[in-house]
Amino acid sequence: ISSSLSPMKVSDMLGRLYSKFDALSETHDVFKVETIGDAYMSVTNLIKDQPDHAKRIAEFAIDAVSAANETLIDLEDPSKGCIDIRVGFHSGPVVASVVGSRNPRYCLFGDTVNIASRIESTSEKNRIHCSDSSAMLLRKQSPGIKLRSRGLVELQGKGEFVTYWVDEGSASCIKLTDDIENALNN
């Protein structure tokens, strides 16, 4: 997308998308840690005890995929379609800290963060990928959310992990872009 849009349009697109994610983070009581380029990092069960943390992050992820799939890449050219994202999450211990003295940043540290990043990077377009530890928690916290084993997945620098797909349904941009094109033509 970055190679086909001006930097201003990429910034606008991400601004529109992240505003939707921010609203969803409030709805699901998910803590937004930071955005790193085109990545949105959030966490549950960090700043307060949330016994249903895996359920919260899974529902946030499901809604985030839908929100992305309803967000046009370029408002001036609906034919470019909507945003596709990959999602991944993992459960485990982290340490939160503010680091640096110039433009200090709130960051999370620990192998859990590294594994979550690799789970996300091995996901697929418009799919939600989670680790076995997250899947076990999700089964207890929200048995209604369907999980499907993906089997063993090689995570760079970590080895093989048993992972799962979160059954997210299928969101689509096609109807939205057709509606917008019809409105523009009328």
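Residues numbered from 1 in each chain as written. Predicted model: local features only at pLDDT ≥ 70, side-chain atom pairs only at ≥ 80, totals over all residues. Heavy atoms only, no water.

Peer 1: For this particular structure, what's the right way to read the sheet that holds strand β8 (residues 159–166)?
Peer 2: Each strand in a sheet pairs with another by means of backbone hydrogen bonds, the pair being arranged parallel or else antiparallel. Pairing is mixed across the open sheet formed by 4 strands, whose spatial order is β3-β6-β8-β7. Edge positions in the open sheet fall to β3 (87–89) and β7 (147–155), since each of these has one partner strand only. Averaged over all pairs of adjacent strands, the angle between strand axes in this sheet comes to 30 degrees, irrespective of strand direction. Bridge analysis of β7 against β8 gives 8 bridges, and the strand direction is antiparallel. Opposite Gly151, over in β8, you have Thr163 as the bridge partner. Against the sheet, helix α2 (residues 53–69) engages β3, β6 (128–131) and β8, with an angle of about 175 degrees to β3. With respect to the sheet, helix α4 (residues 132–141) is in contact with β3, β6, β7 and β8, its orientation differing from that of β6 by roughly 95 degrees. (Pairing = 2+ DSSP bridges. Helix = DSSP H or I, 4+ residues; strand = E, 2+ residues; numbered from the N terminus. Axes fitted to C-alpha atoms, helices over the stretch in contact; angles between N-to-C directions. Contact = heavy atoms within 4.5 Å.)

Peer 1: Before we go on, may I ask you to explain unusual backbone geometry in this structure?
Peer 2: The phi angle of most residues is negative, glycine excepted, and most peptide bonds adopt the trans form. Unusually for a residue other than glycine, Asn103 sits at a positive phi of about 50 degrees. Looking at the element boundaries, Asn103 is found in the loop between β4 (95–99) and β5 (105–109). The class of Asn103 is exposed, set by a relative accessible area of 57%. Unlike most non-glycine residues, Asn126 shows phi in positive territory, near 60 degrees. (Buried < 20%, exposed > 50% of the residue type's maximum accessible area, 1.4 Å probe, protein only.)

Peer 1: Looking at this structure, I do not really get helix α3 (residues 111–121). What am I missing?
Peer 2: Residues that lie three or four places apart on an α-helix share one face, since the helix turns once every 3.6 residues. Taken together, the buried positions of α3 are Thr112, Ile115, Ala116 and Ile119. In an axial view of α3, the angular spread of the buried residues amounts to 100 degrees, which keeps them on one side of the axis. At its buried positions, α3 is contacted by β3, β6, β7 and β8. (Arc of directions from axis to C-beta.)

Peer 1: Any chance you could explain a nonpolar patch on the surface here in plain terms?
Peer 2: There is a patch of nonpolar side chains on the surface, built from Val95, Val99 and Phe109 and spanning about 240 Å² of accessible area. Position of Phe109 relative to the elements: it lies in strand β5. Classification of Phe109 by relative accessible area gives partly exposed; the value is 40%. (Patch = residues over 30% accessible without salt bridge, like charges linked within 9 Å, V, L, I, M, F, W, Y side chains within 5 Å. Areas by Shrake-Rupley, 256 points an atom, 1.4 Å probe, with all protein chains shown as cover. Salt bridge = Lys/Arg side-chain N within 4 Å of Asp/Glu carboxyl O.)

Peer 1: Where do I start with the packing of helix α1 (residues 7–27) against α2 in this structure?
Peer 2: Helix-helix packing is described using two parameters, namely the angle between the two axes and the distance between the axes. Put simply, α1 and α2 touch, their axes get as near as 10 Å, and they point 155 degrees apart. Considering the angle they form, α1 stands roughly antiparallel to α2. Every pair of crossing elements has a handedness; the one defined by α1 and α2 is right-handed. Counting all contacts with α1, which are made through Leu17, Lys20, Phe21, Leu24 and Ser25, the residues of α2 involved are Phe60, Asp63, Ala64, Ala67 and Ala68. Its residues placed into classes, the contact of α1 with α2 shows 7 nonpolar, 1 polar and 2 charged. (Parallel < 35°, antiparallel > 145°, perpendicular 65-115°, else oblique. Left-handed = near helix turned anticlockwise from the far one by under 90°. Nonpolar A, V, L, I, M, F, W, Y, C, P; charged D, E, K, R; others polar.)

Peer 1: Explain the nonpolar core to me, please; I cannot follow it from the model alone.
Peer 2: The tendency in soluble globular proteins is for nonpolar side chains to be buried side by side. Within the largest apolar cluster, 32 residues are counted, with the highest numbers of intra-cluster contacts made by Phe21, Ile83, Ile85, Phe89, Ile128, Leu138 and Val166. At the level of elements, α1, α2, β3, β6, α4 and β8 are the ones that each hand at least two residues to this core. With residues near it in sequence (within four places) discarded, Leu138 still touches Ala54, Lys55, Ala58, Phe89, Pro143, Ile145, Leu147 and Val166. (Core = buried A, V, L, I, M, F, W, Y, C linked by side-chain atoms within 4.5 Å.)

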